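Okay, here's what each chain looks like letter by letter:
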Amino acid sequence: VERLKKTQESLVQSEKLASLGSVVAAVAHELNTPIGNALTVATSFSKKTVTFQQEAKQSLRRSVLDTYTQDSLMASELIERNITRAAELITSFKQVAIDQTSSQRRHFNLRETLAEVLSTLRPTFKNSPHHVEIHIPGDIALDSFPGPLGQIVTNFVNNALLHAFDAEYIGIMKINGKTLNRDQVLLVFSDNGKGIAPEHLKRIYDPFFTTRLGTGGSGLGLNIVHNIITGLLGGKIRVDSTLGAGTTFEVILPITAPSPKPGNGS
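Here's what I pulled together on the structure shown here. As the structure is a computational prediction, the values presented were derived from the model and not from experiment.

## A few points about the sheet that holds strand β2 (residues 131-135)
With mixed pairing, the five strands of this open sheet are ordered in space as β2-β4-β5-β7-β6. Two strands in the sheet have a free side with no partner beyond their single neighbour: β2 and β6 (236-241). Across this sheet, the average inter-strand angle for adjacent strands is 15°, counted without regard to direction. Pairing of strand β5 (residues 184-191) with strand β7 (residues 247-254) involves eight bridges; the strand directions are antiparallel. Bridge pairing in β7 places Q184 opposite P254. Seen against the sheet, helix α4 (residues 146-163) touches β4 (172-179), β5, β6 and β7 and runs at an angle of roughly 20° to β5.

Structure, rendered in structure tokens:
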């Protein structure tokens, strides 16, 4: 039993690292666009500058100066826009990666943290019609574990992408949040997908249970979610789903997470 438990813990950790690895690949691919655009503009502008310098040595016409000035402004705007986008992606991914690999406790803004998580996830489905909406007030602050919380949202999104949407769906995922009282916050993740069959609802948190074995499903995603919420974060989770009408996960979390028990990890 102890060996089986250790094997499961190892597989869960591997699943978390694989999830982070897919985000790394997607973010790296996404960075190619703004960085590539900035490099192209900078290279082109460098050539125009050389040409302008040569023409200025001979006779600097007003038309040449005006053209160079306009090109300079356009190039600087394009470079700034693309580098800013790259910097935003890097900043978001850096914080998400630190949180998910260290599982450190800290004070954080709920909306800002989940927005960072979503910004690193969006590149993984940017070429699909699916999208995620976040509706959380900007004044909710938690004293908890942002890394494991981000892992919950990551697994919800990945689970919906894998199971909820067939080819004919335009998937809409929503994350809503609000405070219930001074001590608790409610997070609701919902999708408009095909729903979960009644006979599967009681088993969705079981380790290794999946309806997509061999096609991307490991059966560990929602098991990880359940363990994090009810263990490290000290919360509760319930699911409601109807075939053809989507799935909703309701998560109640304490604003101040309980102190971890010895040996209790994410």
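## Comments concerning the side chain of S241
Mapped onto the secondary structure, S241 falls in strand β6. For S241, the side chain forms a polar contact with the main-chain oxygen of G246, separated by 3.2 Å. With residues up to four places along the chain from it excluded, the contact list for S241 reads G195, I196, L201, G246 and T247.

What counts and what doesn't
- Residues numbered from 1 in each chain as written.
- Predicted model: local features only at pLDDT ≥ 70, side-chain atom pairs only at ≥ 80, totals over all residues.
- Heavy atoms only, no water.
- Pairing = 2+ DSSP bridges.
- Helix = DSSP H or I, 4+ residues; strand = E, 2+ residues; numbered from the N terminus.
- Axes fitted to C-alpha atoms, helices over the stretch in contact; angles between N-to-C directions.
- Contact = heavy atoms within 4.5 Å.
- Polar contact = N/O pair within 3.5 Å; in protein donor to acceptor, adjacent residues only side chain to side chain.

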